Amino acid sequence: SIVFLNDSFMPMEQAKISPMDRGFLFGDGIYEVIPSYDTKLVGFAPHIARMQEGLELIGIKLDWNVDKWREVVESLIEKNGGGNLGIYLHVSRGNDGKRSHAYPENVAPTIYAFAFDIPAATVADKTITKTYKVNSTEDLRWKRCHIKSTALLGNVMHFQQGFTDGCNETLLFNANNELTEASSSNAYIVKDGVITTPPLDNQILPGITRLILLDILAKDGSLKVEERVVTMDEVENADEIWLTSSSKEVAPVIEFNGKQVGNGEIGNVWLTAQTLYSAGKYNY
Ligand code: PLP
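Here the structure is a predicted model, which is why all the values come from computation and not from measurement. (Residues numbered from 1 in each chain as written. Predicted model: local features only at pLDDT ≥ 70, side-chain atom pairs only at ≥ 80, totals over all residues.)

Novice: Is there a simple way to explain the packing of helix H2 (residues 44-57) against helix H3 (residues 66-79) in this structure?
Specialist: Helix-helix packing is described using two parameters, namely the angle between the two axes and the distance between the axes. Close contact between H2 and H3 brings their axes to 11 Å; oriented N to C, the two are set at 115°. In terms of crossing hand, the pair formed by H2 and H3 is right-handed. Between H2, through Phe44, Ala45 and Ile48, and H3, the contact on the second element is made entirely by Val66, Trp69, Arg70 and Val73. Per-class residue counts for the contact of H2 with H3 are 6 nonpolar, no polar and 1 charged. (Axes fitted to C-alpha atoms, helices over the stretch in contact; angles between N-to-C directions. Helix = DSSP H or I, 4+ residues; strand = E, 2+ residues; numbered from the N terminus. Left-handed = near helix turned anticlockwise from the far one by under 90°. Contact = placed C-beta atoms within 7 Å. Nonpolar A, V, L, I, M, F, W, Y, C, P; charged D, E, K, R; others polar.)

Right under this line is the structure:
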């Protein structure tokens, strides 16, 4: 595949970075994943805005505007033949030849981008949609989960915990037994037709799929949505549980901690929500 490194496109095999890069040594960087279906991007502007906010939060100075990012992202899609692609963008604090904790002065950030295959866009059809089995664990990551840091060891360890138990995601709960999110997705419950998801704070990533979904649902108005604390007890008694992420869109969970969710089948509220999401997502 063709990748972008710092200022040019090249075959992935030719892309080389220093082992002294702070992205490698410290996980000192910000990343983004933007989905693209048949060359149509979903949420390009909010994805870039989130990345720029992340860079600002950690003090990486990069003078790229949205147009520059668009040029790189669109070229990457074209050079990799279109199709269903996730566009991975990564900016690390760069490399000053040392391994010292202090932010180096006057060091150019390392910029890396590549495209990878993602599943075709989700079709709102209960008979063909991929379902998820999840278990749960205490959220033992850090207290800055709103930053999309490349340092993902906490997330990776949580994902692996579910994976080794035969699950394909892990729901995370804080020390008060309140739902935060999942290891690589935002989380929702549905009870008596009401969709509820934890509010944005330092415990969760402000997902772009979440942003788009909530905006579409608010504009449509037919489903009630609440952003508030969700307890373990509520998750255990939910009629439906969903996950969202850029590669999953709205994904139904049919098993939680070994017990079926609702009647163990994909729910009707999911069907409405994913139908609306599919119809509206390219407007963002
Ligand atoms: N939460 C975490 C921890 C994630 O890693 C991700 C993305 O992969 C999400 C939520 C969903 O974010 P988005 O919808 O922007 O992909």
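Once you've had a look at it, read on.
Novice: Could you clarify how one ought to interpret the site of the ligand in this entry?
Specialist: Close to the ligand lie 14 residues, the nearest being Leu205, Gly207, Ile208, Thr209 and Ser246. Among the elements that make up the shell around the ligand, the one with the highest residue count is helix H5 (residues 208-220) (3 residues). Its residues assigned to classes, the shell around the ligand shows 3 nonpolar, 9 polar and 2 charged. (Near = placed C-beta within 6 Å.)

Novice: What exactly am I supposed to notice about the environment of Leu271 here?
Specialist: Position of Leu271 among the secondary structure elements: in helix H7 (residues 268-280). Sequence separation of Leu271 and Asp125 is 146 residues, and the distance between their C-alpha atoms is 7.0 Å. Residues contacting Leu271, with those up to four places away along its chain left out, are Ala124 and Lys126.

Novice: What is the right way to look at helix H4 (residues 153-164) in this model?
Specialist: Because an α-helix packs 3.6 residues into every turn, residues spaced three or four apart end up facing the same way. In a regular helix each residue adds 1.5 Å, so 12 residues correspond to 16 Å; H4 covers 16 Å between its end C-alpha atoms and thus fits that length. Within H4 the residues assigned to the buried category are Asn155, His158 and Gly162. What you see down the axis of H4 is that its buried residues fit within an arc of 70°, all on one side. The outward face of H4, more than 90 degrees from its buried face, is lined by the exposed residues Leu153, Gln160 and Thr164. Against the buried residues of H4 lie strand E7 (132-138) and strand E8 (169-173). A positive backbone phi angle near 80° is found at Gly166, which sits one or two residues after H4. (Expected span 1.5 Å × (residues − 1). Buried ≥ 20, exposed ≤ 12 C-beta atoms within 10 Å, placed from the backbone. Arc of directions from axis to C-beta.)

Novice: What should I look at first to understand the domain arrangement of the protein in this one?
Specialist: How large an interface is tends to be reported as the accessible area lost when its parts come together. In terms of domain boundaries, the protein breaks down into domain 1 (2-117) and domain 2 (132-283). With centres defined by C-alpha atoms, the gap from domain 1 to domain 2 works out at 26 Å. Put simply, the parts of the chain that give the side of domain 1 that touches domain 2 at least two residues each are strand E3 (29-37), H2 and strand E5 (84-92). Counting residues per element, the side of domain 1 that touches domain 2 draws most heavily on E3, which supplies 7 residues. Its residues assigned to classes, the side of domain 1 that touches domain 2 shows 9 nonpolar, 9 polar and 3 charged. (Domains from an automatic or database assignment.)

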